[in-house]
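# A closer look at the structure
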Amino acid sequence: MTGKTSNQMWGGRFASGPDAIMEEINASIDFDRKLYAQDIQGSLAHADMLADTGIISAEDRDKISAGLNTISSEIEAGTFVFSRQLEDIHMNIEARLAEIVGPAAGRLHTARSRNDQVALDFRLWVRSELEKTQHALTALMTVFLDRAEEHATTTMPGFTHLQTAQPVTFGHHCMAYVEMFARDRSRVRDALVRLDECPLGAAALAGTGFPIDRQQTATALGFSTPTRNSLDSVSDRDFALEFLGLASICGTHLSRLAEEIVIWSTPQFGFVRLSDSFSTGSSIMPQKKNPDAAELVRAKTGRLNGALIGLLTVMKGLPLSYSKDMQEDKEQVFDAAKSLELAIAAMTGMIGDMHILKDGMKAAAGSGYSTATDLADWLVREAGLPFRDAHHATGTAVALAEERQCELAELPLADLQKINPAITQDIYSVLTVEASVASRTSFGGTSPVRVREQIAWWRTRL
């Protein structure tokens, strides 16, 4: 009867009672095994330093190094047996090392704690992901530069409030995303600079009395310097938060782009056609071609934002230095890194082989009286009107065109002169989409000349 009550109390999954629950909540090996390469890398550097400073013998160092390399090979070959009873990747590796090399394995953990060990492993892993993200963003920017160069003169409507505003070129639109993803890449680089400190040697929280050489291990592991405060070293997860923060911002940019692709690929817009590689069909409607890849990129941003908020919430109430709460720092980062990598790769592929429907873009570029601002600018520039007066006169012209259901360029000169007698035949030279686009020659403008300058400037920096 007692056993039955226990089973009911703890539930079927935890049939053995509190011990099973503690093992389930405490173990992290199911996910932190992803850090095995970084853990072995850090241990190799630590063993070398211990030997060089005379803390352990060279013979023990050699045994430890050989054993760690064997473990690495076993994990990569899929023959390593992970144990949940050993809690985490660090203890799993240490236990296997003892089986391979005997008592020498016990000397590896001299002047080190799992606190600085995990801080190092996680930092090394995030550094690797930041470097991958930097390369992925460079590839995405390069694809946009190629499309911008190809379409420096392809006209399309520029929108505000998703209403036709003024004509722009598709090349100019592409270059807007180059700027956005360049800022993402700069955030990656900034994060790499701040991450460039090695926590190994901080030990549990207070440092160690052994004569270790922290600069040696920092240099061996590719860091410029060791961290300067042992308490902060083991409790800092800013590098993970920064990664999630920049991933969330980048995800927002990717999502905005995905939204545009979804809209542009509809028959109602008809601006682009996605390749079969990044589309799916409908199970019952054979005419449909769905932009599923773009929609999934858009959705990934929710995961990225959730990961950021999750880790911020974990960290917000922790006193110095290490708390077990920080075991919950990894799964969100692992998931976010995978989501971001996939989203950037999918978008790079979509943009690279997306077919641009120039005729649809051009037709839309002239809709909605998109050259009205050009008429107002002409009245200011050529007729000397104050802009507000020119704005009012242009509004009158637009109302007349709407009444007659024609474009501004189709209004007779006599009717335009009734609105303002200063208007001459020259006005028609600015009312075409091509003329409007070509006239926007201010720095950063949509004129093909300026767009090509932007492209050249960015190519020298990639």
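Relevant structure appears above.
## As for the overall build of the protein chain
In terms of regular secondary structure, the protein chain is built from 19 helices and six strands. Taking 2.2 N^0.38 as the reference for a compact globule, 462 residues should give roughly 23 Å; the C-alpha atoms of the protein chain span a radius of gyration of 31 Å, well beyond that estimate. On the principal axes, the C-alpha backbone points of the protein chain span a range of 100 × 60 × 40 Å. Within the protein chain, buried positions represent 48% of all 462 residues. For the protein chain, the accessible surface area stands at approximately 21,900 Å², while carbon and sulfur atoms represent 54% of it. If you average the places of the 45 positive and of the 59 negative side-chain charges in the protein chain, the two averages end up 1 Å apart.

## With respect to the environment of Asp30
Mapped onto the elements of the fold, Asp30 is located in helix 3 (residues 29-32). When the C-alpha positions of Asp30 and Asn92 are compared, they lie 11 Å apart, and in sequence the two are 62 residues distant. A distance of 3.1 Å separates the side chain of Asp30 from the side chain of Arg84, its partner in a polar contact.

## Here we look at the layout of surface pockets
Counted as a void, the largest pocket has a volume near 520 Å³. Surrounding the largest pocket, 22 residues form its lining, Gly158, Phe159, Thr160, His173 and Glu260 being those nearest its centre. Of all elements in the fold, only strand 1 (155-160), strand 2 (163-169), helix 8 (170-195) and helix 11 (238-264) reach the threshold of two or more residues within the lining of the largest pocket. Partitioning the lining of the largest pocket into residue classes produces 12 nonpolar, six polar and four charged.

## As for the pattern of salt bridges
In the structure shown here, the tally under the stated rule is 29 salt bridges. Residue Arg96 is joined to Glu74 by a salt bridge in which the shortest nitrogen-to-oxygen separation is 2.7 Å. One end of the pair, Arg96, is in helix 6 (residues 89-101); the other, Glu74, is in helix 5 (residues 58-77), and 22 residues separate them in sequence. Accessibility expressed as a relative area gives 25% for Arg96, which makes it partly exposed. When the shortest N-O distance is used, the salt bridge between Asp377 and Arg440 registers 3.2 Å.

## Some details on the packing of aromatic side chains
For any two aromatic rings, the description comes down to two numbers: the centre-to-centre distance and the angle of the planes. If you walk through the whole model with that rule in mind, you get 12 aromatic pairs. Relative to Phe334, the ring of Trp125 has its centre 4.7 Å away and its plane inclined at 65°; by these criteria the two rings are edge-to-face. Taken together, the residues Trp125 in helix 7 (residues 114-150) and Phe334 in helix 13 (residues 330-353) connect sequence positions 209 residues apart. Between Phe170 and Trp264, the aromatic rings sit 6.0 Å apart at their centres with planes inclined by 70°, giving edge-to-face as the arrangement. Placement of the pair is Phe170 in helix 8 and Trp264 in helix 11, with a sequence separation of 94 residues. Cluster of aromatic residues (ring-pair linked, three or more members): Phe159, Phe170, Trp264, Phe269 and Phe271. One residue, Arg33, lies across the ring of Phe82, its end atom 4.2 Å from the ring centre. Above the face of the Phe334 ring, Lys34 is positioned so that its terminal group lies 5.4 Å from the ring centre.

## A word on the side chain of Ser72
Turning to its location among the elements, Ser72 is positioned in helix 5. A relative accessible area of 16% places Ser72 in the buried class. If near-sequence neighbours (up to four positions away) are discounted, Ser72 is found in contact with Tyr36 and Ile40.

## Let's talk about helix 19 (residues 448-459)
Between its first and last C-alpha, helix 19 extends 16 Å over 12 residues, near the 16 Å set by a 1.5 Å rise per residue. Turning to helix 19, its buried residues are Pro448, Arg450, Val451, Gln454, Ile455 and Trp458. Around the axis of helix 19, the buried residues are gathered within 160° of arc, so they sit on the same side.

## Regarding the packing of helix 8 against helix 19
Across the interface, helix 8 lies against helix 19 with an axial gap of 10 Å and an inter-helix angle of 30°. Compared by their axis directions, helix 8 and helix 19 come out roughly parallel. Relative to helix 19, the crossing made by helix 8 is left-handed. Of the residues in helix 19, those in contact with Gly171, His172, Met175, Val178, Glu179 and Ala182 of helix 8 are Val451, Gln454, Ile455 and Trp458. Residue composition of the contact of helix 8 with helix 19, by class: six nonpolar, three polar and one charged.

## So, helix 6
With 13 residues, helix 6 should cover 18 Å at 1.5 Å per step; its first-to-last C-alpha distance of 18 Å lies within 8% of that length. Residues of helix 6 that are buried include every one of Ile89, His90, Asn92, Ile93, Leu97 and Val101, and no others. For helix 6, the angular spread of buried residues about the axis comes to 165°, placing them on one side. Structurally, helix 6 contributes buried residues whose contacts are with helix 3, helix 4 (36-52), helix 5 and helix 7. Structurally, the start of helix 6 carries an N-cap: the backbone nitrogen of His90 is 3.1 Å from a side-chain oxygen of Asp88. With its phi angle positive at about 80°, Gly102 sits one or two positions after the end of helix 6.

## Points about the environment of Ser248
Looking at the element boundaries, Ser248 is found in helix 11. For Ser248, a relative accessible area of 10% corresponds to the buried category. Here the alpha-carbon distance between Ser248 and Gly302, two residues 54 residues apart in the chain, equals 8.6 Å. Filtering out sequence-adjacent residues up to four positions away, Ser248 remains in contact with Thr301, Leu304, Asn305 and Leu308. A polar contact of 2.2 Å, which involves the side chain of Ser248, links it to the side chain of Asn305.

The rules we used
- Residues numbered from 1 in each chain as written.
- Predicted model: local features only at pLDDT ≥ 70, side-chain atom pairs only at ≥ 80, totals over all residues.
- Heavy atoms only, no water.
- Helix = DSSP H or I, 4+ residues; strand = E, 2+ residues; numbered from the N terminus.
- Rg over C-alpha atoms; globule rule 2.2 N^0.38 Å.
- Buried < 20%, exposed > 50% of the residue type's maximum accessible area, 1.4 Å probe, protein only.
- Areas by Shrake-Rupley, 256 points an atom, 1.4 Å probe, with all protein chains shown as cover.
- Lys, Arg positive; Asp, Glu negative; His and termini not counted.
- Charge placed at Lys NZ, Arg CZ, Asp CG, Glu CD.
- Polar contact = N/O pair within 3.5 Å; in protein donor to acceptor, adjacent residues only side chain to side chain.
- 1 Å grid on protein atoms, 1.4 Å probe; cavity = no way out; pocket = protein on both sides within 12 Å on 5 of 7 lines; lining within 4 Å.
- Points joined across faces, edges and corners; volume = space filled by probe spheres on them.
- Nonpolar A, V, L, I, M, F, W, Y, C, P; charged D, E, K, R; others polar.
- Salt bridge = Lys/Arg side-chain N within 4 Å of Asp/Glu carboxyl O.
- Phe/Tyr/Trp six-rings, centres within 6.5 Å; stacked < 30°, edge-to-face > 60°.
- Lys NZ or Arg CZ within 6 Å of the ring centre and 35° of its normal.
- Contact = heavy atoms within 4.5 Å.
- Expected span 1.5 Å × (residues − 1).
- Arc of directions from axis to C-beta.
- Axes fitted to C-alpha atoms, helices over the stretch in contact; angles between N-to-C directions.
- Parallel < 35°, antiparallel > 145°, perpendicular 65-115°, else oblique.
- Left-handed = near helix turned anticlockwise from the far one by under 90°.

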